[in-house]
Each structure stands twice: as structure tokens, then as C-alpha cells.
Amino acid sequence: MRSDQTRLLFTDAFGLSHGKTVQSARANDPTHYALTVMVQGLDLQFIEVPGYSTDVGFPDMEARLDPGTLRPAWGGAGEVGMCSLTHADGRPLPLCLRTRLREHVARWRDLGLDPQIGVEMEFYLLAGPTVADGPLPVPAHRVYGTGYGADPSGLLDAIVQAAQDSELDLEGCNAEFDPGQVEAAISYRDALGAADAAFLFRELVHDLALEHGVGATFMARPFADSIGNGMHLNLSASASDGHNVFHDPDDADGLSQSCRWAIAGLLEHHGALTALFAPTVNSYKRLHPGLLSGYWANWGLDNRLTSVRVPGQRGPATRIEHRTPDGTSSAHLAVLAMLAAALDGIERELAPPAPATGDAESDPGTAVHTPHSLVDALDLLEKDSVLTEALGPDLTTTFLGLKRREIEAWDRTVTDWETSTYGRVY
Ligand code: GLU
Ligand code: MG
């Protein structure tokens, strides 16, 4: 891209990117024509699902740059910015994820609270362009590894550099648990800014990997013999004077009442949240006890074996980490869902159970866990009025339609496991 060009991006309901490259002089034009709403309702085979886009005849929509999101593009030239989706007259499109999130944040702000989100992103660097090529071979793998030993190809260093060039403000980036896996922590910020940054970071990683002739994957469980890719979300809330309302120095655990209510809200909606936190068929290969992936509806004080973990730091860093989301979720929808469930807990002043302690995967203190399939998760989401109200009726219909289409495609697929297991003996 040239230095006088701008990449304008928007997100679909999968969290995947679409957009246009324009001359920078045109980046703030109110209209970027010839975008159809159809793209917001297309399944992964590019076939439309019933709902808002089909029902209204695939009209045009506009992608309008949110000027505050402009930042240097990775790759050394030009800029990149996030767009919200509107009708031609400027009214927000019901399928615009950024608008849904912004409108939900307004509900927190009406209570005098500004939710802050920090996103941790895990992914695998690959040995070749596709997941079938396996993870990048790393001769000297260490958890929290950096430098040549963690990635002799230099791709990881290039990703960190590009994220810095694009002012994404990573807190850190390192090799994660299994060889080839990486984690990047994006510093916390306002909820919409955090979702935008996570969305852009995933785009950046894919671009940089391709530039290096390989691929990367944020798939929930790309390799059966390796741990999955989480996208942990860290939530705190600041009052108008900037202080973190989740901290209470007078509480034995240093946690305020609103923090406890928010935790209880997250546990109350644990099953339905899973549809937005773990939105692919493959996600359910990650959600098992023993994989540190947020299976049980429990919480704990600095306990990574719980789903809702309150890390040890207090004061301004007091926060709730949700460990269930995986790398296939839309950052905008996952953040929206987490905020909606937490706010429900706060508004209803729900009390959480006692925190789980010790080996909280084996001894979770609850019988409730994430559903075992996307089919069940979508059914729970459909019945959850708090989450569907946050999405709005049109986005709910489209999301359920897209995901049920994905399940139909999976149901028609005969896998290698089936042919090798059943084909041999029957
Ligand atoms: N990779 C684990 C997951 O799937 C998380 C490991 C960790 O960072 O604690 O969420
Ligand atoms: Mg991690």
C-alpha cells in the first residue's frame, strides 16, 4: 500500500474483515458506495442466510470511517481505520457490530461506569500456508520464550514490530504453551477500542504470516495433540473520576460489591455466553476440563483452573478475566456478550457462589459447564433474553442463521476419523 492510501475495514458477524482501500484524501468521505448489506449475512460458503439482508432486498450500505480509529497501517505505509455501517441516510445498520457494542457501552455510561477491556490473543504460527502444514517447528521451545529460540523464522519479531508501527500497544508477546503457539496481550482500553484492536491484530498477524510465506491460525483447537487458542477477556470498570470500581480496599479480597455482582452475572449466563465465546464447531474440541479453557461455571481468586479468574493485582489493575472465549470469536461480539452478562449481574445485584479453590477443573464446585456442542450453545443463546437484547433482533437472527448453516455443513461432512475408525471394521 502507498503512503497516500487508507485501508477502511469493517467486521462481519464472524469477526472477519471486509473493506476497501481508498486514496487517503477520500478516507473521510461520508460514503463508500457499492457495498451491499448482503456481505453481513453470507455464510462461509458465500450463500446468504435468511434475515435482515435478504428480507430487505440486499440494499447498499455505507462504511463510515470512525476517525478516532485511524492509525498507521502495518507494512510501513498508509493508514488503516475502522468503519461503522450505516444506511445511506446515516442511520446505523442493525447488523453493525461496532454500533451494537457502542450502544451497549452507553448503558454502562448511564450508570457512571466506563468498561475497560484487555484482550489476550493466542494463535499458532504455521510451518506452511495452511493448518495442515502443522505448527511452525521451534527447536528450542519455551513457554514465555522470545527471540531466535522461540521463532527462528523471525516472523514473531516482525509481528511485534508491525503491531508497534500500527500503535496497537501490545503489553507483550511471547511463545505460549505448545511449540509454535504465541500469545500477545493487548493493553486495556475502552471496550470498543479493545475490540477494534483485537480485530486489527488478527488481521495483522495473518498479513504478516502470508508475507513470510506461511500462515497463522487462531482456530480454537487446530491440533488434537496441542492446547487450544484462547482469547481471554479482562474486564474492569472506571468511574467518572477514573478510579477502578471493581477494587475495594476494605474488602477481605479487595473486591467491590459491583465486581462480585459482575462475576455472578457472568456465571449466570455461562452456557449462553459460550455461543459467542466459542462460535465454531471446532471450539468444542477446546472446551474440556484439563485444557485451561474455561469449562466450568465457576470463578476463583488468581486460579487459572476456573473460568472467571480474578488475577491477583488490585488497585487500578483489579479485573475479571474470562477464560472461555477462543480465537474464533468476533472480538466485538465476545466483548459485547461479556459486558451484557456482567451488567445484568450488576443491575440485578446477583451474588456469586464462593470462589473455587485448588484444582478447580477436577473439583469445580458446580455441575454447570459450557455446552458440549455449538448446537446446544446456540439453543441457549436463543433463549437468553439479556444476550439477544444486546445483539438486537436482526443480529441475533443473522448470527444464529449463519452458525446453524455451519452446523448443517459439518453434519454433511464425513471425516477422516469416521472412515478410518468405522470403515475398517464394518
Ligand atoms: N491456551 C489456553 C486456552 O485455550 C490458555 C492458557 C493460558 O494462557 O492460561 O485458553
Ligand atoms: Mg495464554
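Structure first, text after, so check above.
All residue numbers here refer to positions counted from 1 along the written sequence of the relevant chain. For naming, the first written chain is A and the first written ligand is 1, with later ones following in the order written. Thresholds applied to this predicted model are a pLDDT of at least 70 for local features of residues and 80 or more for the giving and counting of side-chain atom pairs; totals over whole chains, interfaces and linings are not thresholded and use all residues. Values shown for side chains rest on all heavy atoms present in the structure; no hydrogens or waters enter the calculation.

Secondary structure assignment for the protein yields 12 helices and 14 strands. Throughout, the radius of gyration refers to the C-alpha atoms, and the reference size of a globule is 2.2 Å times the residue count to the power 0.38. Its C-alpha atoms give the protein a radius of gyration of 21 Å, within 12% of the compact-globule value 22 Å for 426 residues. For the C-alpha atoms alone, the extent of the protein along its principal axes is close to 60 × 55 × 45 Å. By the convention used here, residues are in contact when the closest approach between their heavy atoms is within 4.5 Å. Here the contacts in the protein between residues at least 6 apart in sequence split such that 70% fall between residues at least 24 apart. On the protein, roughly 17700 Å² of surface is accessible, and the fraction owed to carbon and sulfur atoms is 53%. Of the charged side chains in the protein, 31 are positive and 58 negative, and the gap between their average positions amounts to 2 Å. Going along the chain from the N terminus, every DSSP run of H or I of four or more residues is numbered as a helix, and every run of E of two or more is numbered as a strand. Residue burial considers only the protein chains on display, and all accessible areas are found by Shrake-Rupley using a 1.4 Å probe. For this count, His and the chain ends are skipped, Lys and Arg are scored as positive, and Asp and Glu as negative. To locate a charge, the coordinates of NZ of Lys, CZ of Arg, CG of Asp or CD of Glu are taken.

Residues in contact with ligand 1, as listed here, are Glu-122, Glu-176, Glu-183, Ile-227, Gly-228, Gly-230, His-232, Arg-286, Leu-292, Arg-304 and Arg-323. Nitrogen and oxygen atoms within 3.5 Å of one another constitute a polar contact, given that in protein one can donate a hydrogen and the other can accept it, and given that sequence-neighbouring residues count only through two side-chain atoms. Interatomic distance of 3.1 Å between a side-chain N/O atom of Glu-176 and an oxygen atom of ligand 1. Within the backbone of Gly-228, a nitrogen or oxygen atom sits 3.0 Å from a nitrogen atom of ligand 1. With the chains in place, 93% of the 300 Å² that ligand 1 exposes on its own is no longer accessible. All amino acids are sorted into three groups, where Ala, Val, Leu, Ile, Met, Phe, Trp, Tyr, Cys and Pro are nonpolar, Asp, Glu, Lys and Arg are charged, and the leftover types, Gly among them, are polar. When the residues that make up the shell around ligand 1 are grouped by side-chain class, the tally is two nonpolar, three polar and six charged. Proximity is defined per residue: any heavy atom of the residue falling within 4 Å of a molecule or strand makes that residue near it.

Water is absent from the atoms considered, so a metal site may look incomplete; donors are defined as N, O and S atoms within 2.8 Å of the metal, or 3.2 Å for Na, K and Ca. Bound to the magnesium ion (ligand 2) on the protein side are Glu-122 (OE), Glu-176 (OE) and Glu-183 (OE), at distances that span 1.9 to 2.2 Å. All donors of the magnesium ion (ligand 2) come from a single chain, and their spacing in sequence reads E-x53-E-x6-E. With Glu-122 in strand β7 (residues 114-125) and Glu-176 in the loop between β8 (170-175) and β9 (181-190), this residue pair connects regions lying 54 residues apart in the sequence. Each member of the pair, Glu-122 together with Glu-176, is buried. Burial classes follow relative accessibility: with a 1.4 Å probe on protein chains only, a residue under 20% of its type's maximum area counts as buried, one over 50% as exposed, and anything between as partly exposed.

Of the pairings in the sheet, the one linking β8 to β9 comprises five bridges and is antiparallel in character. Bridging from a neighbouring strand, Ala-175 pairs with Val-182 of β9. The loop that links β8 with its antiparallel partner β9 comprises five residues; one of these, Gly-180, has a positive phi angle of about 90°. Strand pairing is defined by DSSP finding a minimum of two bridges between the two strands.

On to the packing of aromatic side chains, then. Side-chain rings of Phe, Tyr and Trp, where Trp is taken by its six-membered ring, are said to pair if the distance between their centres is within 6.5 Å; with planes under 30 degrees apart they count as stacked, over 60 as edge-to-face, and otherwise as tilted. One pass over the full model with this rule turns up six aromatic pairs. Both rings, one in Tyr-124 and one in Phe-223, keep their centres 5.1 Å apart while their planes meet at 85°; by these two values the pair is edge-to-face. Here the residue Tyr-124 occupies a position in strand β7, and Phe-223 occupies one in the loop between β10 (216-217) and β11 (233-238), the gap between them amounting to 99 residues. Here the two residues Tyr-124 and Phe-223 agree in accessibility, since each one is buried. Each ring, one from Tyr-295 and one from Trp-296, has its centre 4.9 Å from the other, and the planes form 85°; the classification is edge-to-face.

What follows deals with the environment of Ala-150. By the secondary structure assignment, Ala-150 is in helix α3 (residues 147-150). Looking at Ala-150, the relative accessible area reads 8%, which means it is buried. Along the chain, Ala-150 and Glu-176 lie 26 residues apart, while their C-alpha atoms are 9.4 Å from each other. Residues in contact with Ala-150, not counting those within four places in the same chain, are Val-138, Gly-145 and Ala-175.

Moving on, we come to the nonpolar core. Working definition of a nonpolar core: buried Ala, Val, Leu, Ile, Met, Phe, Trp, Tyr and Cys residues. They are joined through side-chain atoms within 4.5 Å. If you look at the biggest cluster of nonpolar residues, it comprises 114 residues, and the most contacted ones within it are Phe-201 and Leu-204. Those residues in contact with Leu-204 that sit more than four places away from it in its chain are Trp-74, Ile-159, Ala-162, Ala-163, Ser-166 and Leu-168. Among the nonpolar cores identified, the runner-up in size contains five residues, and Tyr-124, Leu-126, Ile-227 and Leu-291 belong to it.

Let us look at a nonpolar patch on the surface. Excluding any residue in a salt bridge, patches collect residues exceeding 30% relative accessible area, merging like charges within 9 Å and nonpolar Val, Leu, Ile, Met, Phe, Trp and Tyr side chains within 5 Å. Whenever a carboxyl oxygen of Asp or Glu lies within 4 Å of a side-chain nitrogen of Lys or Arg, that contact is scored as a salt bridge. A surface patch of nonpolar side chains, amounting to about 560 Å² of accessible area, comprises Trp-417, Tyr-422, Val-425 and Tyr-426. Structurally, the position occupied by Trp-417 is in helix α12 (residues 416-425). With a relative accessible area of 53%, Trp-417 lands in the exposed category.

Below, the discussion takes up unusual backbone geometry. Although it is not a glycine, Asp-302 sits at a positive phi angle of roughly 45°. Summarising the element assignment, Asp-302 is placed in the loop between β12 (299-301) and β13 (308-310).

Over its 14 residues, helix α2 (residues 97-110) runs 20 Å from end to end, which matches the ideal 20 Å to within 8%, given 1.5 Å per residue. If you check which residues of α2 are buried, you get Leu-97, Arg-98, Thr-99, Arg-100, Leu-101, His-104, Val-105 and Trp-108. Looking one or two residues beyond α2, the residue adopting positive phi is Gly-112, at roughly 80°. A helix is expected to span 1.5 Å for every residue after the first.

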